[in-house]
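# Examining the three-dimensional arrangement
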4 protein chains.
Amino acid sequence: MNKLRAREHGIQFGSMETGRNNAIIDVYGVGVGHSTLIEGDSIRTGVTSIVPHDGNLFEKKVVAAVDLFNAYGKSTGLPQIMFEGVLESPIMLTETLNTWRVADAVLDYYVERLKYSPWSMNVVIGETNGMYLTDNLRRNIGKKHVFEAIDVARSPSGREKVPEGNVGGGTPMIGYGFKGGIGTSSRIGEDFTVGVLVQLNCGGRGDLLISGVPVGRELVLAEKPPNPLGNSIMMIVATDLSMDSRQLWKVAKRAALGLARTGSFGGNSSGDFTIAFTTSKNDPKNKQGDSFLNPVYKATVEATEEAIINALFNAETLTGVNNRTVEALPIEQVKKILNKYGR
Amino acid sequence: MNKLRAREHGIQFGSMETGRNNAIIDVYGVGVGHSTLIEGDSIRTGVTSIVPHDGNLFEKKVVAAVDLFNAYGKSTGLPQIMFEGVLESPIMLTETLNTWRVADAVLDYYVERLKYSPWSMNVVIGETNGMYLTDNLRRNIGKKHVFEAIDVARSPSGREKVPEGNVGGGTPMIGYGFKGGIGTSSRIGEDFTVGVLVQLNCGGRGDLLISGVPVGRELVLAEKPPNPLGNSIMMIVATDLSMDSRQLWKVAKRAALGLARTGSFGGNSSGDFTIAFTTSKNDPKNKQGDSFLNPVYKATVEATEEAIINALFNAETLTGVNNRTVEALPIEQVKKILNKYGR
Amino acid sequence: MNKLRAREHGIQFGSMETGRNNAIIDVYGVGVGHSTLIEGDSIRTGVTSIVPHDGNLFEKKVVAAVDLFNAYGKSTGLPQIMFEGVLESPIMLTETLNTWRVADAVLDYYVERLKYSPWSMNVVIGETNGMYLTDNLRRNIGKKHVFEAIDVARSPSGREKVPEGNVGGGTPMIGYGFKGGIGTSSRIGEDFTVGVLVQLNCGGRGDLLISGVPVGRELVLAEKPPNPLGNSIMMIVATDLSMDSRQLWKVAKRAALGLARTGSFGGNSSGDFTIAFTTSKNDPKNKQGDSFLNPVYKATVEATEEAIINALFNAETLTGVNNRTVEALPIEQVKKILNKYGR
Amino acid sequence: MNKLRAREHGIQFGSMETGRNNAIIDVYGVGVGHSTLIEGDSIRTGVTSIVPHDGNLFEKKVVAAVDLFNAYGKSTGLPQIMFEGVLESPIMLTETLNTWRVADAVLDYYVERLKYSPWSMNVVIGETNGMYLTDNLRRNIGKKHVFEAIDVARSPSGREKVPEGNVGGGTPMIGYGFKGGIGTSSRIGEDFTVGVLVQLNCGGRGDLLISGVPVGRELVLAEKPPNPLGNSIMMIVATDLSMDSRQLWKVAKRAALGLARTGSFGGNSSGDFTIAFTTSKNDPKNKQGDSFLNPVYKATVEATEEAIINALFNAETLTGVNNRTVEALPIEQVKKILNKYGR
């Protein structure tokens, strides 16, 4: 798993500086935990947790927002975020049909791990469909995996490094016809950090753009790429800048622009969802306009584009249910194409 | 349970004619099934299923729409309806913390009962919070109850009568400080039927209006009414008129006006959701404007108002967890007040 | 014009206390100005201005929000309020086809009266259709009337009294088949004031409810009521409580509930728009939830209901274009009906 | 004005085939007309009309939809399209402060040219801010220019060719720091045509991407680019495929993805609006899902990207108010950069 990230190959995405880890955890306090389940020939699944802080989110909610670019998907908890403007539970990313078991287990986490009995809880689950590589009707993700993912996310190790590719909720996912999954990136502005994490499961091979280069069109490959139904992407945007939920919603909308730069046209059965939150505890200022958000928008576009490509660079070829295989992005061939195109 | 419905007491709601059963099942093909769970001192819960037809909804989707009047709530499946404009699963109503177990069991229903393996499924669950009367953290609703509710809804008996009050998802619910739960009503127009079913769990006692009369303000009662957190209402609107999802969304928005006529101001932690569907299989006409919808709007307002009051008239006093009791609406006293106000 | 307002006849709307004037100007700083144009046989029109303060709004914007309950209408400036969350110009209410001339004249007001050259300006005009009583294609409202309305609104007299009925933008309007127009009301809570002003031009006669009594159904009248196309209502909500635009949007949504209590079902070609603003200059608090808004919601519902009925009580019978007459609400008969219904 | 379009320089945008004119008029029946006003040193403005057919749109409405990606702007008529799903007037594009005069003149067009007296009319105006090159407070666009633009759009010549660059509403506009304005492109699918027309006035120079190449970053230029406030883009999408307004809304959302591919991050005071319509008179099919839209989405992304770059390739250096000059894109230098990047 010692693959290099896209930027380590010299590929550039926009012009802003990255954070120290070039990952969502560069936003101070944010943690990420994965639980990956690979069993026998047919189970290739998992769950990922993203937390804005290591406390009890139900008691210390954070300002949040949601953008539905193409809401084909089963995510839970999004309508309440739109109206209340806060996140009160960890964000979990998993495989479509596990959505509800994962949601139920998040409640168990509060009761059993935090010894806390919420009178209600707006549990937030994002999902993409992994049926091509995993036997998804079996819904294997339960309390054990959910607890592990949240535990890691809330621990110091969840703030040190974010594994990418075939991990957690990203385990069986496919991006642009290649092995996809989890990817992350970050950007730093004068007075803020933006971090993005994606669970990439969308795109047609011919459409792939890397740093603007039509790699998907140029690649010459033996096998026909998989084209499963229900490909989607979950995009999580974190920042530490103080803003209200409406402003954060406008930030969330920019993630779709980053997705566009990797070649997607937003396929109809692709659930293209963005959830954004800020870790800032300050009151948002009643400013005369939102132009202070411009660098945050730019950071979000760039970090989303790079997070998606990072997912492709770090995912590895995987064989799963029904003996199906999804190949990793052929990095050497990609580098030749990028070279031909002057990068 | 031989209580009379509001109309049988001579109370009038609007001016349109009701359907034969004055219930959502007056829309041909629509079925309703309840599974009620009352166990020991602390479990007072259940689940209700509403189906547009008795077939496989995933294969025979119906046009649908959603209105989020106040989206404080954990309902699942709503974003996809907004984008795709169709319903592909039964609508289930239950208690908040059972939401995810019920959703998961709907998938089991397809696999086990219908022998159908969906590659994905946008399961639609509505919920209101029953914690005042039931030990909700125990999440007792499972496959058994979900299967029972859907089985009934899809059977001939689910098309014959709709039990109201403390049944199914409505079992522990509270409306305007009295025992609430399930209520239903319908209206007939020249070329259409509209049916509404509600799971009533919202409202403050002092606010209750019945047919415009400030009953809540006039009632003199010994005990202080319960005022639990998280009171909400789910409103389901069915019609047989052909229309597209945008038009149906405008119909759905009118349910909140019916709610307003019973006195609610849309409390902040009240999830006031409406899901609407049409059973029509005809293509919607590309008309020059939507004014044909006016009688459908009026029918929706009237049927929603009456469904809410029906829930109150049919619910019975119930004692539940922690020995708490919620009283039924004192119908004789209410009738005296209505009389004083000229009804 | 010495007509009594609804409350002066002893009619009750909800349970909260009104402000000193029972008008939108009870929100400190808010001013209202009308310019009414009645000429010859066929011109019955005007324009109304509502300002949050008497300064330059483009330089001192206020937090604002919009609810589109039924966006059949030509209002300008609403999309930008939804995204930027601020109001930067006076709110003007007029007759549909004057919308654009009024908007253009608001810019002139800044340039000529305020000696201010905005590089852009999100001018906010609300409209309802007065074609039944005025020759609307002539679009008679110009700079003179716009300047007059804003001048009054920004002057001390605009803070002292709000004329209702056939004034300003309300001049030719019709409500529930009777003469409608401008109405206003207010409510006071522990730490806030809410004021509402409406330009009433919607509703069918049979649907009218006054304080819950089906007055429309009970009235026995000789003539057939007018039923022009394109009836609508503009609802303006002002408050002095500090909140952000998302919270204010939720407040705005409650105005439709007040409308519902007067009998409207939201007719399809009725533009039912609400614009809300707060005069507070404080930063909104980053609270853990919005339940502090509950009394504001209730105040909004009550004040909207009363403002609508005030429009009907204060409007006078008017004859206009094509010799058409719209009768005022027959107050004595209404009082008898209310009496019969125990009020 | 014999400039070549981007594609004539050999630049590729996506993989789909263009229509015969590579312009929005490739959608049968659609017409475009410009009226350009260049006077003295300080007036550089105009208006553009796009019509779905040459008849009376108020009587023969077409299915339409709107996407608000970033609704900082003064466009009129958009809320009603969202609710009614139809377009009933020509779409006009102009300079911000002319918006209301243009709207008013469209009504005159119906009355005077079409001898038609509409009882109401949802006039649709899009605008971007041209103040850098034109003395915008003078609002020079009146009936004469509006009539000319609509007349041309409804005439055979409006269906033959679409002038690009400094014409009509695009006259004073700026794109990515270079002279912008009007651009158009089209794509053909198996059973449909999609055409896009933009009025380009947004973007920072450093952000410009052409066919994925970071041209903005690579260009070495003497002068500092202009950076006026309020840059925006209006995107008009036409198709001939039968669909309902909700489906068309999803198509409209894809235009923002095409914009993203040219480098924009959606600046905060950029009004990024899309209006889409279909010329099809067929009833939309009540399909089991919208996946038939995928090629339409792709066509929209590609045509939007190309239309934007066409605006830059066709606009010419222009000097306007206050002796300000905006340079045209330096095409020879751009071609060298594209060459370096392997195009």
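The structure we're discussing is the one just above.
Residue numbers run consecutively from 1 along every chain, following the written order of its sequence. Each chain gets a letter, beginning with A, and each ligand a number, beginning with 1, in the order they are written. With the structure being a predicted model, the display of local features is reserved for residues of pLDDT at least 70 and the display and counting of side-chain atom pairs for 80 or more, all residues being used for whole-chain, interface and lining totals. Each side-chain value is worked out from all heavy atoms of the structure, with water and hydrogens disregarded.

## Quick word on the environment of D:Val152
All names here are of chain D.
- Here a helix means four or more residues in a row that DSSP labels H or I, a strand means two or more in a row labelled E, and each is numbered from the N terminus. Mapped onto the secondary structure, Val 152 falls in helix α3 (residues 143-154).
- For the pair Val 152 and Gly 33, spaced 119 residues apart in sequence, the C-alpha to C-alpha distance is 4.6 Å.
- Only heavy atoms matter for contacts: two residues are in contact if any of them lie within 4.5 Å across the pair. With residues near it in sequence (within four places) discarded, Val 152 still touches Val 32, Gly 33, Ser 157 and Gly 158.

## Brief notes about the interface of chain B and chain A
- Every contact between the two is made by 37 residues of chain B and, on the other side, 37 residues of chain A.
- Throughout, the accessible surface (probe 1.4 Å) given up by two parts as they are put together, summed over both, is called the buried area. Summed over both sides, the interface between chain B and chain A buries roughly 3500 Å², with carbon and sulfur atoms accounting for 61% of that surface.
- Broken down residue by residue, the surface that chain B buries against chain A is led by B:Phe83, B:Trp100 and B:Trp119, which jointly contribute 23%.
- Salt bridge, as used here, is a side-chain nitrogen of Lys or Arg placed within 4 Å of a carboxyl oxygen of Asp or Glu. Here chain B and chain A share six salt bridges between them.
- With its nearest N and O atoms 3.1 Å apart, the salt bridge here joins A:Asp104 to B:Arg139.
- In protein, a polar contact requires one atom able to donate a hydrogen and another able to accept it; more generally it is a pair of N or O atoms within 3.5 Å, and residues adjacent in sequence count only if both atoms are side-chain atoms. Counting every contact that joins chain B to chain A gives 18 residue pairs in polar contact (both at pLDDT 80 or more).
- When residues of the side of chain B that touches chain A are traced back to their parent elements, those giving at least two are β3 (62-70), α1 (78-84) and α2 (99-113) of chain B.
- It is α2(B) that provides the largest number of residues to the side of chain B that touches chain A, a total of seven residues.

## Re the interface of chain C and chain D
- With 37 residues of chain C at the interface, the matching set in chain D holds 37 residues.
- Across the chain C to chain D interface the summed buried area is about 3500 Å²; carbon plus sulfur atoms make up 61%.
- The three residues of chain C that bury the most area against chain D are C:Phe83, C:Trp100 and C:Trp119, which together make up 23% of that side's buried surface.
- Linking chain C with chain D are six salt bridges.
- Scanning the region where chain C abuts chain D turns up 18 residue pairs in polar contact (both at pLDDT 80 or more).
- Of all elements in the fold, only β3 (62-70), α1 (78-84) and α2 (99-113) of chain C reach the threshold of two or more residues within the side of chain C that touches chain D.
- When residues of the side of chain C that touches chain D are assigned to their parent elements, the largest contribution, seven residues, is made by α2(C).
- Note on residue categories: nonpolar means Ala, Val, Leu, Ile, Met, Phe, Trp, Tyr, Cys or Pro, charged means Asp, Glu, Lys or Arg, and polar means any other residue, Gly included. A breakdown of the residues in the side of chain C that touches chain D according to their chemical character gives 19 nonpolar, 12 polar and six charged.

## Topic: the side chain of A:Lys179
Residues and elements named next belong to chain A.
- Relative to the elements of secondary structure, Lys 179 occurs in strand β8 (residues 178-179).
- The cut-offs for exposure are 20% and 50% of the maximum accessible area for each residue type, with area from a 1.4 Å probe on protein chains only; residues under the lower value are buried, those over the upper are exposed, and the others partly exposed. None of His or the chain ends enter the tally, which takes Lys and Arg as positive and Asp and Glu as negative. Buried within the structure, Lys 179 lacks any salt-bridge partner; Glu 316 is the closest side chain of opposite charge, at an N-O distance of 10 Å.
- In this structure the side chain of Lys 179 is engaged in a polar contact, spanning 3.0 Å, whose partner is the side chain of Asn 166.

## Observations regarding the packing of aromatic side chains
- Pairing of aromatic rings covers Phe, Tyr and the six-membered ring of Trp, with a centre-to-centre limit of 6.5 Å; geometry is then stacked below 30 degrees between planes, edge-to-face above 60, and tilted otherwise. As enumerated under the stated definition, the model contains 16 aromatic pairs over all chains in all.
- Taken together, the aromatic side chains of A:Phe58, A:Tyr110 and A:Tyr116 make up a single cluster linked through ring pairs.
- We call a charge positioned over a ring when the NZ of a Lys or the CZ of an Arg lies within 6 Å of the ring centre and within 35 degrees of the ring normal. In this structure, B:Arg254 packs its charged tip against the face of B:Tyr297, placed 3.8 Å from the ring centre.

## What about the pattern of salt bridges?
- Taken as a whole and assessed by the stated rule, the structure comprises 75 salt bridges over all chains.
- What emerges from the salt-bridge pattern is a single network uniting A:Arg7, A:Arg187, A:Lys298, A:Glu302, A:Glu306 and D:Asp207.

## Here's the deal with the relation of the copies chain B and chain A
- When the copies are overlaid, the least-squares fit takes in C-alpha atoms only where the residue has pLDDT of at least 70 in both copies. By a simple turn and slide, chain B fits onto chain A: the slide is 0.0 Å along the axis, the RMSD is 0.0 Å, and the turn is 180°. Expressed as an axis order, the relation between the two copies is that of a two-fold axis. When C-alpha distances to the rotation axis are compared across chain B, the minimum falls at B:Trp100, with a value of 2.3 Å.

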